[in-house]
Each structure stands twice: as C-alpha cells, then as structure tokens.
Amino acid sequence: SVFDYGGQSIFDVIHHLFLTSHGIYALCFNMEWLVPESQYRDSALKYLLRWLNSMALHTFDAEKGRAAPFVLIGTHADIITDPEKHAHISSVLEKQFHTHSIWSSKMKYEGKGKSGARTQLCFYPVDCKTDAGRGEGSTVAHVMDAIEKRLNEEAYVNSEIPYTWLRAMDKLRGQYSSFLTY
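Values in this document were obtained by computation on a predicted structure and should not be read as measured data. (Residues numbered from 1 in each chain as written. Predicted model: local features only at pLDDT ≥ 70, side-chain atom pairs only at ≥ 80, totals over all residues. Heavy atoms only, no water.)

Student: Help me understand the nonpolar core, please; the structure alone is not making it clear to me.
Tutor: The nonpolar side chains of a soluble globular protein tend to be buried with one another. Ranked by internal contacts, the top residues of the largest apolar core, which has 40 residues, are Phe29, Leu72, Ile89, Leu93 and Phe123. Those elements that place two or more of their residues in this core are strand 1 (25-30), helix 2 (41-59), strand 2 (70-75), helix 3 (83-97) and helix 4 (139-153). With seven residues, helix 2 is the single largest residue contributor to this core. (Core = buried A, V, L, I, M, F, W, Y, C linked by side-chain atoms within 4.5 Å. Buried < 20%, exposed > 50% of the residue type's maximum accessible area, 1.4 Å probe, protein only. Helix = DSSP H or I, 4+ residues; strand = E, 2+ residues; numbered from the N terminus.)

Student: So what exactly am I meant to see when it comes to the side chain of Ser138 here?
Tutor: Within the element layout of this structure, Ser138 appears in the loop between strand 6 (124-125) and helix 4. Of note is the side chain of Ser138, whose polar atom sits 3.0 Å from the backbone nitrogen of Ala141. (Polar contact = N/O pair within 3.5 Å; in protein donor to acceptor, adjacent residues only side chain to side chain.)

Student: What should I look at first to understand the pairing of strand 1 in this one?
Tutor: Remember that side chains alternate between the two faces of the sheet whenever the strand is regular. Across six bridges, strand 1 lies against strand 2 in parallel orientation. Among the inter-strand pairings, Ala26 is bridged to a residue of strand 2, identified as Val71. Of the crossover connections in this fold, the one passing from strand 1 over helix 2 to the parallel strand 2 is right-handed. (Pairing = 2+ DSSP bridges. Right-handed = clockwise from strand over helix to strand, strands pointing away.)

Student: Teacher, can you tell me more about unusual backbone geometry here?
Tutor: The phi angle of most residues is negative, glycine excepted, and most peptide bonds adopt the trans form. Backbone geometry places His76, a non-glycine residue, at a positive phi of 70°. Structurally, His76 is set in the loop between strand 2 and helix 3.

Following this line, the structure appears as structure tokens:
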C-alpha cells in the first residue's frame, strides 16, 4: 500500500494511524530549497525535521535501536543538475541530521554520476518530469529497486502466517459490507 500525505501539516494528527515500524517511508523535498543561495533553506530543514521526528515517534523500536527504513528523495533534478550541488545538499542534510535518532535508518543512494564515477548521497536526486520510472537507468527505477530490496530484507515481510488466517482474511475481503455482525 502507498499513502501520500502530500506534506501538509493538517495530516499530522493521523500519523499514528499509518506510520508504523512495518513500512518504508519516502520523504520528498525540493532540492532547490537546499542549494546555498536558497531563501527557503531554513524552512526546508524544519519541514524535514518535522517528518523525521514524526517517523521517529511512530516507528522507532527501542529494543532494536532503530526505526523503520526511509529514503530521502530530492526532486527537481532537472533544475539542480550539477553533481557538486547534489553533493553539497547531501552534506547539508548529513550535517543537519546526523545525530537524529533515526538517521541511521535512512537508505543511501549509490549510483554513477555523469562522468561515470561512483557517487554516494544520503538522498536520491529525481527528475520528476522525465524520470518517472522510464527504463532501467532512471533514478526512480533505482529507488524503487532499492526499496523493494530493503523491504524483502524486513522480518515482517518474511514471517510465516498460518494458512487459516490467510483464508479468514480472504473471506473478510470477500464481504461486500461495511460492517461485520458479532
């Protein structure tokens, strides 16, 4: 299932219903907000901190010492195309959030830059206009593959479920009623 909060703070009150340790979360931000000359840098960092805090509150498992995995996605890679600016944005994020309780749960981007050199960032730079999952080399395809791989490593995905429960769930899903009688 995919839930899109759209980033609006009005939905903060329902985070406890959807943010659990059984998920992987994609936190999107506009890279234009984090370049050195941006007037929106402080508000962008506050926005990201609000989401990191909410994910920590609702997904952190004290026994395991980790939160649910998450991936940062920087949009507008069609505008912020310079790999040096991507590296700068990554260092800003690392510097700002490296001590946050869930920062170690973030998934990193490892890819090749335009020069063919390996690059590692704390976020995935995505061009939403031309990179919308088109083809194997796209960043969107790369992040989707990384999420799927990480999801398959999670214990809750690989746990065994009794057949009788699956059959009961199928029966419940087959009901065309908005309620069940006792």
